[in-house]
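# Descriptive analysis of the structure
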Amino acid sequence: MPFEFNYSWGEIRGGLDRTMLVTVLVLFALGLASIYSAGIGVRTSTVVYVVKQLTWGAVSAVVYVFVLRAGYQDFVRYSYWMYGGTVALLVVLSMSGTISKGAVRWFQLGALNFQPAEMGKVVLILAMSRFCSRNTPNSLKNLFMALAVFGVSVVLILLQPDLGSSLVYVAVMFAMLAVAGAPGRYLGGMVLAGLAAAPFLWGTLRSYQKLRLVVFLDPYVDPQGAGYNVIQSRIAVGSGGLWGKGFLHGTQGRLHFLPEPHTDFIFSVFAEEFGFVGGVIVVALFACLLWRVVRAAFQTKDVRGKLFCIGVAAWLWFQVMESIAMSMGLAPITGLPLPLFSYGGSSLLMTALALALVQSVAISPVKDRFSTLT
Amino acid sequence: MRMYKAFDNFDVDRRLIYVRNIFIFSLSLLVVGLVYFQLVKGDEYVSLASSNRLRMIRLLPPRGNVYDASGVPLAVNVRTFDMKAYPMDLREEEDFDEVAGVFARHGIPMTAQGLKKSVEKQYVAPYRAISAAINLTLAQVSDLVMDPTFPKSLFPSPVWRRIYPGGPLVAHVMGYVGEITRDELEDQRDLHYQAGDIVGKSGIESMYEEELRGVVGDQVVEVDSRGRRLRDVNYNDPRKGGDIRLTLDLAAQREASRLMNGRRGAMVVMDVKDGGVVVFFSSPTYDPNPLTWGISNKEWSALINDADRPMMNRVSGGSYPPGSAFKVVTAAGILMEGVANTKSTVFCPGRFELGPQTFRCWRRSGHGTEDIVGALRDSCDVFFYQMSVRLGADKLLEWSGEFGIGERTGIDLPGESRGNIAGREWKRARFKESWYQGDTVNYSIGQGFLLMTPLQLARVYAAFANGGRLVVPRLNADKKPEWRDVKVSNANMDIIRRGIRDVVTRGTGRAAGGYGVEIAGKTGTAQNSRDDDHAWFVGYAPADAPKYVAAVLVEGGGSGSSVGGPLVGQMLSYLLEYNK
């Protein structure tokens, strides 16, 4: 069967949500500026990270256009296979894989590091869209089936151990089940079950993970050790003031006070240099992005599209909340990237893929209109 | 239309609005957080940031030591001190005068001009410490800091310097260390290194960088407004790198150096069974110590522009035509392919005619009738000319490949040359010419385009000595011996061993005998386009129960029998007689 694009350029032009696309590009550009700034002082040459990020940006752009042409329907159609493949990959990874800072999260593919947990986010959302649109989780049987099938990936990610990503998975699943029609008492029950399981989960955490949670509650427990990052990041954000210190004039990131300034603490670097005004703009841009993603969900009649969009929204929302709150010391350090902003190829590529699929959902009503006319 | 409309789209949309409102509301909480930290408490954090008096100092670990086979140190570390300062504290013109003055008063040459230049050169950022003076002794440092006029912005920082007690004797094996370059830094993916770090640049230092480098520690200190250290906040010990013991013997290296006596060439001795390299000497050599301590551009260019090329590693990185030393490989091919056996003879009239071309034997008067053992003993060229024509180029090249010619030996040292097996494809690519029978004839006595490293030749002879194992040479004593088998039968091995034993007892290599050990080996006198003939001798001893194989090459040295033979004889005798 030859491959065929489902969407013509005309249909894409007619239905493209330009506001969403521009928001995405502005966020990526601001991220690049921050990565450049964060790179100074880490390396003698500051452009290495920027060049790599730009390269990944170009790859992402190609994927974005391809997905727009192909349309989300085929992705949903084959999502069970993709989900099965990802679970298999995660199982393989738990047996081999490159150890990075004590956690196995990477696949070495030639010169590239590849993180299946990132890809798993999109695949999980696709597969859940398909599953929940066919089996509305308003019966206990359907709910448990969904939890059993998709909980497997959460457990595998947790085993890596990648606490941050597994929390993203949980947030995504919860939001999708809620929108797909799980009754309120089921949702409440899941929350209670989660709280009841928390003490057991605590026991499975690694000591560094526990320490991060403890210093989140009180960073001054260990101000020179694990709490050091929290304090320094808060100083970086706070000292930005109203207008910030100006591009390339931040000192916290530059002086190596901030660990991993170009990835985990990218917002701290940004907020130090662009201040409250810059910070609010970034939060507003993310709010706008989420708004447009949900808008695409409204406009389609396809339940699968609706569920997919809310899944992506939940994923982005969770990472934005976590990453920015963490930079102010208001959430524990989990190492989650700020979408579109942080340095990192897998994360950028998968975010672009997901947002392209959302665009495709946004375009689909236009296609329907075209086809009813003919 | 849809089969699964149990839950209406309308309900989904209602829930979408709920979830969206939760999202937007929670994002507004982030703004509340920003208001609190950046506006309400902003001033407080601004002052915290500007008074942020914590400085991170990377503590570089000492590298692992390297020892020779008997535990003599080949690379160790000594502690010296750098006098450091933050550029932000050294901005004023008077500062430079003051600092330079203090150093000059204590007998350390320094001018304000020179210091200023050096600070500019090292400058990365105002808070990144630079070195005002390096390689000070403890006595110098204590003398300086006792001086009441010593500037408070300077602080001593201990550093490890690498020294090589063996100096020039082991330069090509050990290599040297130096500051990481910008390119090396950007090549690194693991973020282990930072600017200013020391890495292995060549030799063992580069090969075993990961084992030797150790783990960097760090120290967080609180400083006052002038950058003076107030107290330690956090300290992680650096961890010393792992030690490495080599198979090399420093005393034997000294003997090799004495024997080579500054002539251009190479000498290598290796254990025939496990490939442990005992002597690895490239001549002339250089002293790696100044390279690690900092060397001026003038000295550096003198070193790399020296016509004798002392920095070139001739043992494993230099390729030469092997000359007659190659004949054992031709002999193995001839015997194994059944072209000749011990009874086959060739009459040598001193020359060999192939069409219009005449190939001469080294002995113009000829050798008369020779069998294969005699041809090896007398190094009769005509025997191998004739036999190689019968054997054919493809088989000859195949047997060269069997003995690892044209491939790296796999020694644990960077920069190894493959030599050049120079087959048909190579000739076509290089000269756009096809392979002629004359090429085969030249090839059979190790001339023509064939190139080998001394280490490759030593390995070939080791295979004859140990009964057919092509070993991988190794310098690290803890590396597991590796080899592959060459497919030469024991009977044929024996014939060739007899031939090269006769070389020393009665043939061209008699000069290698007479040093008290029984040697089997082969001379080589290789013609080359640029230079006088290269002198080769490759052999092993004791002949009946071989322990060591030795290869020696003297560039432009002339005859292999008179120049090469005695060197190998003395070296092997040193190792087997005086040293045991």
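About the criteria used
Residues numbered from 1 in each chain as written. Chains lettered and ligands numbered in written order. Predicted model: local features only at pLDDT ≥ 70, side-chain atom pairs only at ≥ 80, totals over all residues. Helix = DSSP H or I, 4+ residues; strand = E, 2+ residues; numbered from the N terminus. Buried ≥ 20, exposed ≤ 12 C-beta atoms within 10 Å, placed from the backbone. Contact = placed C-beta atoms within 7 Å. Axes fitted to C-alpha atoms, helices over the stretch in contact; angles between N-to-C directions. Parallel < 35°, antiparallel > 145°, perpendicular 65-115°, else oblique. Left-handed = near helix turned anticlockwise from the far one by under 90°. Nonpolar A, V, L, I, M, F, W, Y, C, P; charged D, E, K, R; others polar. Pairing = 2+ DSSP bridges. pLDDT = per-residue confidence, 0-100. Core = buried A, V, L, I, M, F, W, Y, C linked by C-beta atoms within 7 Å. Domains from an automatic or database assignment.

### Things to note about the overall build of chain A
Across its full length, chain A carries 14 helices and three strands. Evaluated residue by residue, chain A yields a buried proportion of 51% over its 374 residues. Across chain A, the fraction of contacts at a sequence separation of at least 24, relative to all contacts at a separation of at least 6, is 72%.

### Thoughts on the overall build of chain B
The number of helices and strands found in chain B is 21 helices and 21 strands. By residue count, 44% of the 580 residues in chain B fall in the buried class.

### As for the packing of helix α7 (residues 140-159) of chain A against helix α8 (residues 163-180) of chain A
Residues and elements named next belong to chain A. Across the interface, α7 lies against α8 with an axial gap of 8 Å and an inter-helix angle of 165°. In terms of their interaxial angle, α7 and α8 are classed as roughly antiparallel. Crossing of α7 over α8 shows right-handed handedness. Between α7 and α8, the contacting residues are A146, F150, S153, V154, I157 and L158 on the first element and L163, S165, S166, Y169, V170, M173 and L177 on the second. Across the contact of α7 with α8, the residue classes tally to ten nonpolar, three polar and no charged.

### Digging into the pairing of strand β20 (residues 534-541) of chain B
Each regular strand displays side chains that alternate between the two surfaces of the sheet. Residues and elements named next belong to chain B. Across the eight residues of β20, eight count as buried, placing the element largely inside the fold. Side chains of β20 alternate between two faces, with H534, W536, V538 and Y540 and A535, F537, G539 and A541 buried alike. Sheet topology places strand β19 (residues 520-526) next to β20; seven bridges connect them, and they run antiparallel. When the sheet's bridge partners are listed, K522 is paired in β20 with V538. Two strands pair when backbone bridges link them, and β20 and strand β21 (residues 548-554) are joined in this way by seven bridges, in the antiparallel orientation.

### Topic: the confidence of the model for chain A
Confidence along chain A averages 83 in pLDDT terms, with 82% of residues attaining 70 or more. Taken together, the stretch residues 97-104 of chain A has pLDDT below 50 and engages in 14 contacts with residues farther than four places along the chain or on a different chain.

### A closer look at the packing of helix α13 (residues 327-336) of chain B against helix α20 (residues 490-505) of chain B
All names here are of chain B. Interhelical geometry of α13 versus α20 gives an angle of 145° and a closest axis separation of 10 Å. Crossing of α13 against α20: the hand is right-handed. For the pair α13 and α20, the contacting residues are V328, A331, A332, L335 and M336 in the first and N492, I495, I496, G499 and I500 in the second. Residue composition of the contact of α13 with α20, by class: eight nonpolar, two polar and no charged.

### Brief notes about the sheet that holds strand β12 (residues 277-283) of chain B
Hydrogen bonds between backbone groups are what pair the strands of a sheet, and the pairing can be parallel or antiparallel. Residue and element names in this part refer to chain B. The five strands lie next to each other as β12-β11-β21-β20-β19, forming an open sheet whose pairing is antiparallel. One side of each edge strand has no neighbouring strand; the edge strands of this open sheet are β12 and β19. The sheet shows a mean angle of 5° between the axes of neighbouring strands, taken without regard to direction.

### Digging into the confidence of the model for chain B
Residue and element names in this part refer to chain B. Here chain B averages 87 in pLDDT, and 91% of its residues register 70 or above. Predicted confidence for residues 1-5 stays below pLDDT 50, and this span has two contacts to residues more than four positions away or in other chains. Predicted as a complex, the structure gets a pTM of 0.63 and an ipTM equal to 0.89.

### Let's talk about the nonpolar core
Grouped together as the largest cluster of nonpolar side chains are 125 residues, with contacts concentrated most on B:M267, B:V268, B:A458, B:Y548 and B:M571. The dominant element in this core, judged by the number of residues it contributes, is helix α19 (residues 454-465) of chain B, at nine residues. Lining this core are residues from two domains, each supplying at least three of them: domain 2 (55-245) and domain 3 (250-300 + 313-578) of chain B. Look past the residues within four positions of B:A458 in its chain and what remains in contact with it is B:V268, B:M270, B:V538, B:V549, B:A550 and B:A551. Of all hydrophobic cores here, the second largest spans 109 residues; its members include A:V154, A:A175, A:A287 and A:A362.

### Some remarks on unusual backbone geometry
All names here are of chain B. Each neighbour pair has its own omega, and for S283 with P284 the value is -5°, a cis peptide bond. Along the polypeptide, P284 turns up in the loop between β12 and α11 (289-293). Note the cis peptide between A541 and P542, where omega equals -10°. Within the secondary structure, P542 sits in the loop between β20 and β21. At R309, a position not held by glycine, the phi torsion is positive, near 50°.

### Thoughts on the pairing of β12(B)
Residues and elements named next belong to chain B. Counting buried positions along β12 yields seven of seven residues, so the element is predominantly enclosed. Note: strand β11 (residues 265-271) against β12, six bridges, orientation antiparallel. Residue pairing in the sheet places M270 in a bridge with V277 of β12. If you look at the hairpin formed by β11 and β12, you'll find five residues sitting between the two strands, and G275 has a positive phi there, around 75°.

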